[in-house]
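Overview (structure and organization)
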Amino acid sequence: MIAEVIIDISNDEVDRVFDYNAAPDIKTGSRVIVPFLNRAVQGYVIKLKESSEFAGKLKDIGEVLDESVISGGLIALMDFMTYKYNLRRIDVLHLYLPPDMRGGRVKELKRKFVILNPEMPYETILSGIRKTQPRQTELVESLESGGEYLSALTTLYGSTVNTLIKKNFLTVTDMPVRREPRGDSHEDRVFELSDDQKKCVGDIISGKGKFLLHGVTGSGKTEVYMRVIEDAVKKGKTAIMLVPEISLTAQFYKLFKGRFFDDVAIIHSGLSAGERFDEWTRILNKEASIVIGARSAIFAPLENIGVVIIDEEHDGSYISESNPRYDAKEVAAFRAEHDGAVLILGSATPSVDTYYAVKKGVYKLLRMPNRINKKCLPDIEIVDMCREVRNGNTGLLSHRLEEALSQTLKDGNQAMIYLNRRGYSSFVMCRACGYVAKCSECDISLTYHIEEDKLKCHYCGKKFYMIDTCPECSSKNLRYGKIGTEKVVKELNTIFPKAVILRMDNDTTSQKDGHDKILSAFYKKQADILVGTQMIAKGHDFSDVTLVGILDADMSLYFSDYRSNERTFQLMTQVAGRAGREKKGGAVVLQTYVPSHYVFRLAKRYDYEGFYDKEVNGREVTKYPPFTVIVRVLVTGSEDAAAMNAARAIYNDIKAFAAKNPAYFVYLNAMRSPVTRIQSKYRYQILMRIKNDAEKDDIIQNIYILAGKDKLKDVTVFTEINPQSLV
Ligand code: ADP
Ligand code: ZN
Ligand code: ZN
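A few points on the structure. (Residues numbered from 1 in each chain as written. Chains lettered and ligands numbered in written order. Predicted model: local features only at pLDDT ≥ 70, side-chain atom pairs only at ≥ 80, totals over all residues. Heavy atoms only, no water.)

1. Details of the coordination of the zinc ion (ligand 2)
Only C430 (SG), C433 (SG), C470 (SG) and C473 (SG) from the protein reach the zinc ion (ligand 2) as donors, at distances of 2.3 Å. Coordination at the zinc ion (ligand 2) comes from four donor atoms whose angles at the metal span 104 to 113 degrees, giving a geometry best classed as tetrahedral. Going along the chain, you hit the donors of the zinc ion (ligand 2) in the pattern C-x2-C-x36-C-x2-C. The class for C470 is buried, based on a relative accessible area of 2%. (Donors = N, O, S within 2.8 Å, 3.2 Å for Na, K, Ca; no water. Tetrahedral: all angles 85-135°; square planar, octahedral: opposite > 155°, others 65-115°. Buried < 20%, exposed > 50% of the residue type's maximum accessible area, 1.4 Å probe, protein only.)

Set out below in structure tokens:
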């Protein structure tokens, strides 16, 4: 048998398929060791065939490490991703396996387990113990109904255990232990479905293809997902559900475990290497047929998928922005189609792209316009912060929000305060000379973090000592920039000294289970106020939250990005949706300096359709997605001139290509990137917008080729399609 092997070396020259001789019982998807350039390297068998054009010259596969760890569906996906995102095959394969499995850094965990010697009758063992040793008898009796881990037994019985092992009455074996991710299972509540839910479940189960479930926050989308999954599992199929944040996986894991028990596995990058390996192994061995997770769970080793669900489909986190770059929604669509599964995208605020695809007939639209049990969506009150300032209030909270907060606390309810900026102050500036503290590696101002008393770069993570005098002019007159979540907590502590306040942002959740600890403390009402960035906006279901405060709602409005209106509308609706989810009802106070902006007016009315119509018209006129595809070739290098020259060369090539295909290029230009340097690398970009029609894939393939044509030393070139951010 001939095996086609992908070598586990990430390098353009090796990015090919190599043929090897293999044993007749070799299986596709196996991880193997093969001889390669006089070395033994790891590789993956992606295909088997009877003959090879290199027959006679082929080497033999050395060793099979694991059989069939990559399913046929995932091998087909590798081809799709290699083409679509211009990736190396091996970089795609790496997404499929637990990160530490390669190189054998993680294995099945085994612990010593003690049982009664199975070859000795129970009575023989008992009668072999002297009457003067009651502890020994007790130990033996305790093992009659089943074994126990050696460590636990030793804790209970001390050296008695070893004595009995020596007498050969007990046998020690190695027992695999499952490293189970944290998550107490939840009591299952099976509801009578609402009419809307019933219709949606029915349509999905009896249909096929792609669906958009457009349901307002609190309309009960989760129950729809669970019923559809239940149906798939009953039919012997498997299911994947993606959620946008690691912090949300815990909540869904609990719910799902309550209903599906051990049939659920969870996958995300916040798990320990061991946990991830064990969950992945359970899926591979078909011990779990339902997978919940963040973006990377889309690569779970499932076969025969019946349903793929992407909750909060509008969320930007489904797009991987670093190498390997991919869009989990497109990957999901591929897997669903490959396995004949239904694809469900769910959201209260679908992305403009998806809704446009609905209008074009790509997705079937299912709507759930009401909250469960006829609960109202919370009332959104818009507060004009210019007016507050005119009236002499320069504080963080408007009078209205302060009043509402104090009432909420008085009533014993909880509040969430949203501000999408972490740290204490967005920059530190000298009032005397205008000096701004900047990162030494990036062209970006540093954020002050008061808890660590450090200046931090939000692009590269580097930390610097805080300054109390200006390094340029020695003035002590420093000015702080816009406030961040740390400062919000501090000010709230002053205004409401008795309130217990939690903060959730990238800084407080960096440790393992960090999200989970904060959320479960808030859930258990160990705190009154939760302050946080967009992490708190998504999907969380807290029954005692009756007030949501949005500070600086304008922040996302002024990013120079064609999606800034869309993002703001989504964020406002999502954050607002956290309030009043149970009987108590809720209110939202939204603080802005531009209260009449249409995004806020439509968000206040929860008018998604109105927003979509306005937005899509604007995009059509200005020729932005979904009417075009944005392509950016990002060129970076530690030498400014080298990066610039490389960018110029690529630009000229693309310009010549565009001149031959003028109908497709709506826009083409080259420039320094808005952030000119990150991690000591100078950055240039070639930006284009390409007409979004059937031929765009061909055009993009040509751009990949032109951008990758000249391999220059010390210059890195990346081509991104519809990048989430253009910094
Ligand atoms: P969404 O994801 O649409 O924002 P959820 O799925 O979180 O909404 O549902 C909101 C709340 O309604 C949850 O607390 C859920 O337990 C509850 N719920 C869902 N379906 C029903 C139902 N049919 N009857 C009663 N309560 C329900
Ligand atoms: Zn100064
Ligand atoms: Zn930096």
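2. Some words on the nonpolar core
Residues I70, M81, Y96, I298 and I550 are the most contacted members of the largest nonpolar core, which totals 91 residues. Of all the elements, helix α1 (residues 72-85) adds the most residues to this core, at six residues. Among residues more than four places away in sequence, those in contact with Y96 are I70, L74, L77, M78, W280 and F299. In terms of nonpolar packing, the next biggest core, distinct from the first, is built from 31 residues, V264, I266, V307 and M368 among them. (Core = buried A, V, L, I, M, F, W, Y, C linked by side-chain atoms within 4.5 Å. Helix = DSSP H or I, 4+ residues; strand = E, 2+ residues; numbered from the N terminus. Contact = heavy atoms within 4.5 Å.)

3. Observations concerning the pattern of salt bridges
Overall, the coordinates contain 39 salt bridges when judged by the stated rule. As a salt-bridge pair, R135 and E138 come within 3.7 Å of each other at their nearest N and O atoms. Within this pair, R135 and its partner E138 are both found in helix α4 (residues 134-142), separated by three residues, close to a single helical turn. Taking relative accessible area as the criterion, R135 reaches 37% and is therefore assigned partly exposed. Given the relative accessible area of 39%, E138 is considered partly exposed. (Salt bridge = Lys/Arg side-chain N within 4 Å of Asp/Glu carboxyl O.)

4. What to know about the coordination of the zinc ion (ligand 3)
Every protein donor of the zinc ion (ligand 3) is listed here as C439 (SG), C442 (SG), C457 (SG) and C460 (SG), and their distances to the metal cover 2.2 to 2.4 Å. For the zinc ion (ligand 3), all donor residues lie on one chain, and their spacing in sequence is C-x2-C-x14-C-x2-C. Here C442 is found in the loop between β20 (428-430) and β21 (447-449), whereas its partner C457 is found in the loop between β22 (454-456) and β23 (463-465), with 15 residues between them in sequence. On the basis of relative accessible area, C442 is assigned to the buried category, the value being 1%. Under the relative-accessibility criterion, C457 is labelled buried at 2%.

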